[in-house]
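Coordinates in review
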Amino acid sequence: MASTKEMIERFKKEAPLETALPYRFSNGFLLTEITGQCKSCKKEVAGDHVRGIVNKGFHDVFSFDGHGICTDCKTIFAIHGRVKPHKDAARQEYVKNGVWVTAFPFEEAKPIDKLRATLLRVLTFFRLV
Ligand SMILES: [Zn+2]
């Protein structure tokens, strides 16, 4: 585990995760935001307060490794995981005890993305695409 000093050093030099977004998955879902939850006070942090390294090198996987800084209690905490398509939206996963587990699904697909996913399914059904 990295020291707090190492975590802060990384945070200072790494880019906000939002600079690698939006990311479009094959099911049409558009990932627009990665947030982190403060380990101390549970506040949700986003934007410039969530920074790290992003890997978009694998098809349909948006993975990230970085840190969040809480705007309320100033705690710095590690965040890592990956986002993959799930049904007509996506889900975020992280490693727990050596295996990938689901952190939470992104239930709220934007209406246009739901429409696009539905349209794609209909077109696929009729074998037009
Ligand atoms: Zn906090």
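Description of the structure in this document.

Criteria and thresholds
- Residue numbers restart at each chain and count upward from 1, following the sequence in its written direction.
- Under the rules for a predicted model, residues below a pLDDT of 70 receive no local features and side-chain atom pairs below 80 are neither given nor counted, while totals for whole chains, interfaces and linings still include all residues.
- Secondary structure elements are defined from DSSP: runs of H or I of at least 4 residues count as helices, runs of E of at least 2 residues count as strands, and each element is numbered from the N terminus.
- Burial is judged by counting the other C-beta atoms within 10 Å of a residue's own C-beta: 20 or more makes it buried, 12 or fewer makes it exposed, and any count in between marks it as partly exposed, with every C-beta position built from the backbone.
- Throughout, a pair of residues is in contact if the C-beta atoms placed from their backbones lie within 7 Å.
- Paired strands, in this sense, are two strands between which DSSP finds at least two bridges.
- Interaxial angle, 0 to 180 degrees, is taken between N-to-C directions of lines fitted to C-alpha atoms, where a helix line uses only the stretch in contact.
- Each nonpolar core consists of buried Ala, Val, Leu, Ile, Met, Phe, Trp, Tyr and Cys residues. Their C-beta atoms, within 7 Å, join them into a set.

1. A few points about the overall build of the protein chain
- Scanning the protein chain from terminus to terminus reveals 2 helices and 9 strands.
- Scored against the burial criterion, the 129 residues of the protein chain give a buried share of 18%.
- Here the contacts in the protein chain between residues at least 6 apart in sequence split such that 48% fall between residues at least 24 apart.

2. Thoughts on the pairing of strand β7 (residues 76-86)
- Here strand β6 (residues 62-69) runs beside β7; their pairing, made up of 8 bridges, is antiparallel. Its bridge partner lying in β7, Ile 69 is registered against Ile 76.
- One ladder, built from 5 bridges, connects β7 with strand β8 (residues 89-96); its direction is antiparallel. Within β8, the residue paired with His 86 across the bridge is Ala 89.

3. Some points on the sheet that holds strand β9 (residues 99-106)
- Taking strand neighbours across the sheet as the criterion, the 5 strands line up as β5-β6-β7-β8-β9 in an open arrangement whose pairing is antiparallel. Lying at the two open borders of the sheet, with one neighbouring strand each, are β5 (50-55) and β9. Averaged over all pairs of adjacent strands, the angle between strand axes in this sheet comes to 30°, irrespective of strand direction.
- By the bridge criterion, 6 bridges tie β5 to β6 in an arrangement that is antiparallel. Bridge pairing links Val 50 to Gly 68 in β6.

4. Quick word on the environment of Lys 39
- Looking at the secondary structure, you find Lys 39 in the loop between β3 (36-37) and β4 (44-45).
- Its 14 C-beta neighbours within 10 Å are what place Lys 39 among the partly exposed residues.
- Spatially, the C-alpha atoms of Lys 39 and Phe 77 are 6.6 Å apart, while their sequence positions differ by 38 residues.

5. Remarks on the nonpolar core
- Membership of the largest hydrophobic core is limited to 11 residues, which are Leu 17, Phe 25, Phe 29, Ile 34, Val 50, Phe 62, Phe 64, Ile 79, Val 83, Ala 89 and Ala 90.
- For this core, the secondary-structure elements that each account for two or more residues are β6, β7 and β8.
- In this view, Phe 25 contacts Leu 31, Asp 60, Pro 85 and Ala 90; residues no more than four positions away in its chain are not counted.

6. Let's talk about unusual backbone geometry
- Following Leu 21, the chain continues to Pro 22 via a peptide bond in cis, the omega torsion being 5°.
- By the secondary structure assignment, Pro 22 is in the loop between α1 (4-13) and β1 (23-24).
- Backbone geometry at Lys 74 places phi at a positive 65°, although glycine is not the residue there.
- On the secondary structure map, Lys 74 appears in the loop between β6 and β7.
- What makes Lys 74 exposed here is the crowd of 10 C-beta atoms within 10 Å.

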